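Single-letter residue listing:
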Amino acid sequence: MMRKALVVGGSNGIGLAIALELCDKYDVTIIDRVAPALGWADKFNYEQFDLTQDDYAIFDRHLDADVLMITAGFGHLALFQDIQEPLIQQYFQVNTIPVIRIIKHFYSRLLAPNDFYCGVLGSIAGFMSTPFFSVYCATKAALKVFVESVNVELEKAGSSNRILNVSPGSIKGTHFNGGQTNDLETTIPLAREIISHLLSKDDLFIPLYDEVFHDVLERYHKDFRAEGRHSYDYKIQSGRVKVD
């Protein structure tokens, strides 16, 4: 009997790539608001669920899973002045609160002596100020500190299990920030790296850390104001955003 894996938000983007990579060794169930595209739907079990719902009993049916990867989330580049108040609530209702609630349902698995592999998709934005991503940053910063805190509790409880915080920069080949395609040729290599760190029970993985983010984080910690201004100007100059 194949072991089970649960990918929350696995119908698109990096979640889909992770789900596909897990299929060789696990019976994979995707829980998402929308179903996977037809070309991949027959590879998974699929259950429809909107993370903004109140009742999370759906997750109690999957407590026998050996792998839990939570990748659901969204973000759009915009100045805070242009973000409508209802969207602020939606950001936290999708990016942050569901992750904490789902992990609460599986916490007995994390504490148990048996191996349980758990990961969440955070963001490098949770480590620093990122203009045009202010509310998104706040949702991911909350996740970062939550994961760090719970991992210490797990260690002190004698558990070898950990929650992996995957904190990338922009991921190409996904629907994030208005992207239109699932480019698996682009996302599969990153998915393989994530799974490797997940199965090693690492607690943090920042893709391209040595190549890019070591220097970025060093600049940020040296002078967060200057790095914030640099980030603002970079987005303007790159053409990703426009300011009137």
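What counts and what doesn't
- Residues numbered from 1 in each chain as written.
- Predicted model: local features only at pLDDT ≥ 70, side-chain atom pairs only at ≥ 80, totals over all residues.
- Heavy atoms only, no water.
- Helix = DSSP H or I, 4+ residues; strand = E, 2+ residues; numbered from the N terminus.
- Rg over C-alpha atoms; globule rule 2.2 N^0.38 Å.
- Buried < 20%, exposed > 50% of the residue type's maximum accessible area, 1.4 Å probe, protein only.
- Contact = heavy atoms within 4.5 Å.
- Core = buried A, V, L, I, M, F, W, Y, C linked by side-chain atoms within 4.5 Å.
- Salt bridge = Lys/Arg side-chain N within 4 Å of Asp/Glu carboxyl O.
- Polar contact = N/O pair within 3.5 Å; in protein donor to acceptor, adjacent residues only side chain to side chain.
- Pairing = 2+ DSSP bridges.
- Right-handed = clockwise from strand over helix to strand, strands pointing away.
- Expected span 1.5 Å × (residues − 1).

**Q** Whenever I open this one, the overall build of the protein chain confuses me. Can you help?
**A** A count of helices and strands for the protein chain gives nine helices and seven strands. For 244 residues, the compact-globule estimate of 2.2 N^0.38 gives 18 Å, and the C-alpha radius of gyration of the protein chain, at 18 Å, lies within 12% of that figure. Projecting the C-alpha coordinates of the protein chain onto the three principal axes gives extents of approximately 55 × 45 × 35 Å. Looking at the protein chain residue by residue over its 244 residues, the buried ones come to 48%. Once local pairs closer than 6 in sequence are excluded, the contacts in the protein chain between residues at least 24 apart make up 65%.

**Q** Can you help me understand the nonpolar core in this one?
**A** Side chains of a nonpolar character, in soluble globular proteins, are inclined to be buried together. Counting residues in each nonpolar core, the largest one holds 29 residues, and the members touching the most others are Ile-14, Ile-18, Leu-22, Val-28, Phe-44 and Ile-194. Counting residues per element, the ones that place at least two in this core are strand 1 (3-8), helix 1 (13-22), strand 2 (26-32), strand 4 (67-70), strand 5 (117-121), strand 6 (163-166) and helix 7 (184-199). The contact partners of Val-28, leaving out residues within four places of it in the chain, are Ala-5, Val-7, Ala-19, Leu-22, Cys-23, Phe-44 and Asn-45. Judged by nonpolar contacts, the second largest core, of 27 residues, contains Leu-6, Phe-49, Ile-103 and Cys-118.

**Q** Would you mind going over the pattern of salt bridges with me for this structure?
**A** Any two side chains of opposite charge can pair if their charged atoms end up close together. The final tally for this structure, using the stated rule, is six salt bridges. Here Arg-192 and Glu-21 are joined by a salt bridge, their closest N and O atoms 3.0 Å apart. Separated by 171 residues along the polypeptide, Arg-192 in helix 7 and Glu-21 in helix 1 bring together distant segments of the chain. The partly exposed category is assigned to Glu-21, whose relative accessible area is 25%.

**Q** Whenever I open this one, the environment of Asp-64 confuses me. Can you help?
**A** Inspection of the secondary structure assignment puts Asp-64 in the loop between strand 3 (45-48) and strand 4. It is 16 Å that separates the C-alpha atoms of Asp-64 and Gly-119, two residues lying 55 residues apart in sequence. Other than its neighbours up to four places away in sequence, Asp-64 contacts Lys-4 and Arg-109. Only 2.7 Å separates the side chain of Asp-64 from the side chain of Lys-4, close enough to count as a polar contact.

**Q** Explanation requested: the pairing of strand 6 in the structure shown.
**A** Side chains on a regular strand alternate between the two faces of the sheet. The side-chain alternation of strand 6 yields two buried faces, one formed by Ile-163 and Asn-165 and the other by Leu-164 and Val-166. Relative to strand 6, strand 5 runs parallel, the two being bridged by four bridges. Residue pairing across strands places Cys-118 opposite Ile-163, the latter belonging to strand 6. What joins strand 5 to strand 6 is helix 6 (residues 134-156), and the crossover it makes is right-handed. Of the pairings in the sheet, the one linking strand 6 to strand 7 (residues 204-205) comprises two bridges and is parallel in character. Bridge assignment links Asn-165 to a residue of strand 7, and that residue is Leu-204.

**Q** Any chance you could explain helix 7 here in plain terms?
**A** An α-helix turns once every 3.6 residues. As a result, residues three or four positions apart point the same way. The terminal C-alpha atoms of helix 7, which comprises 16 residues, lie 21 Å apart, in line with the 22 Å expected from a rise of 1.5 Å per residue. Those residues of helix 7 that fall on the buried side of the exposure criterion are Leu-184, Thr-187, Ile-188, Leu-190, Ala-191, Ile-194, Ile-195 and Leu-198. Backbone geometry just downstream of helix 7 places Lys-201 in the positive-phi region, at approximately 60°.

Keep in mind these numbers describe shape, not what the thing actually does.
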